[in-house]
Amino acid sequence: MTDQQPTYRGRLAPSPTGHLHLGHARTFWIAAERTKEKNGTLILRNEDLDAERFRMDFVTDMLEDLRWVGLDWAEGPDIGGPFGPYSQSQRKTLYRFALQKLHALGVIYPCTRSRRDVIDAAGAPHETDEEPVYPAHFRPPASQDVPALEDVISINWRMRVPDNETLSFIDNNLGLKQGVAGKDFGDFLVWRKDDCPSYQLACVVDDSAMQITEVVRGADLVTSTFRQLVLYKALGLISPEFYHCALMLDEKGVRLAKRHDALSLRQMRSHGMTPADVIAAMKR
Ligand code: GLU
């Protein structure tokens, strides 16, 4: 590493929509280890935009669980730092600014189709977590005028992806990843009708504003990374590097996050497990 390279900045970006389980802890542990190896700075960002599932007590529990297992961050909602605020619910002005930029570029459009409409039009049974590709015939023509943005948004807004463009990045764990716009992923939400930015938009705005140099997250988010690369490009922002971690499976090959009985860190602790036991379990 030379002096010219930017200082490594890694992040933990938990959503306070439930208690953290071993799979989350493992991803965060890897993010923390990579930051340590690179002598970098670890940031904790509270992704509390999901108004329906968000609960304040989960924020407190989440920070406590992460500290208990031995994770330590240098910037975060509980300690502040130069790139705050570190809770997404307090950063809406920044997201709105990015939305306005996309609107001025003419690359977003309002969409009245429901999730159900999109699933039905996609035809195939929807068994994965991945959103089906937004059907091209649902899109307004690119030549059509885009209506103004409301002050308080009451309609979904979608990003028009550059059809057939291949996006690629070198994942620091998985190697070369490629995705084709319009085929592997389609037009995606940037703002929701409850006047809330989408995960994709908020994540790009924040990772850029917080000067994150490497995003470490689960491999279930690789397709989202392609969507986010579309946004980085449109907004004229430099994208960070990426490291997608393999997901933790149980002995039957079921993803931990999918199992309703997946043990939370909280439960493990109440069953007498120590942080060292948890770390050993996540390394298995
Ligand atoms: N908040 C997201 C989650 O908990 C993380 C997304 C990301 O790391 O980009 O799944």
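Residues numbered from 1 in each chain as written. Predicted model: local features only at pLDDT ≥ 70, side-chain atom pairs only at ≥ 80, totals over all residues. Heavy atoms only, no water.

A.B. asks: Help me get a handle on helix α8 (residues 275-283), residues and values and all.
C.D. replies: Along α8, the residues that are buried comprise V278, I279, A281 and M282. Projected onto a plane normal to the axis of α8, the buried residues spread over an arc of 160° and lie on a single side. Away from the buried face of α8 by more than 90 degrees, exposed residues A276 and K283 are located. Elements in contact with the buried residues of α8: α1 (22-37), α2 (56-68) and α7 (265-270). (Buried < 20%, exposed > 50% of the residue type's maximum accessible area, 1.4 Å probe, protein only. Helix = DSSP H or I, 4+ residues; strand = E, 2+ residues; numbered from the N terminus. Arc of directions from axis to C-beta. Contact = heavy atoms within 4.5 Å.)

A.B. asks: So what's going on with the environment of Q90? Which residues, and what values?
C.D. replies: Assignment of secondary structure puts Q90 in the loop between α2 and α3 (92-105). Under the relative-accessibility criterion, Q90 is labelled exposed at 54%. Separated by 78 residues in sequence, Q90 and S168 place their C-alpha atoms 32 Å apart.

A.B. asks: I'd love a proper account of unusual backbone geometry, names of residues and values included.
C.D. replies: Going from G84 to P85, the amide bond is cis rather than trans, its omega being 0°. Counting through the fold element by element, P85 comes out in the loop between α2 and α3. Even without a glycine there, the phi angle at N39 is positive, about 55°. Tracing the sequence through the fold places N39 in the loop between α1 and β2 (41-44). Looking at N39, the relative accessible area reads 70%, which means it is exposed.

A.B. asks: Tell me about the pattern of salt bridges, and name the residues and values.
C.D. replies: A pair can form between side chains of opposite charge whenever their charged atoms are brought close. In total, this model carries 20 salt bridges according to the counting rule given. Here D61 ties to R266 by a salt bridge, and the two come within 3.6 Å at their closest N and O atoms. Here D61, found in helix α2, pairs with R266, found in helix α7; they are 205 residues apart in sequence, far enough to count as distant. Of the charged contacts in the structure, one is a salt bridge between R266 and E64, with a shortest N-O distance of 3.2 Å. Of this pair, R266 sits in helix α7 while E64 sits in helix α2, placing them 202 residues apart in sequence. Where salt bridges share partners, they join R11, R45, E47, R91, D206 and D207 into one cluster. (Salt bridge = Lys/Arg side-chain N within 4 Å of Asp/Glu carboxyl O.)

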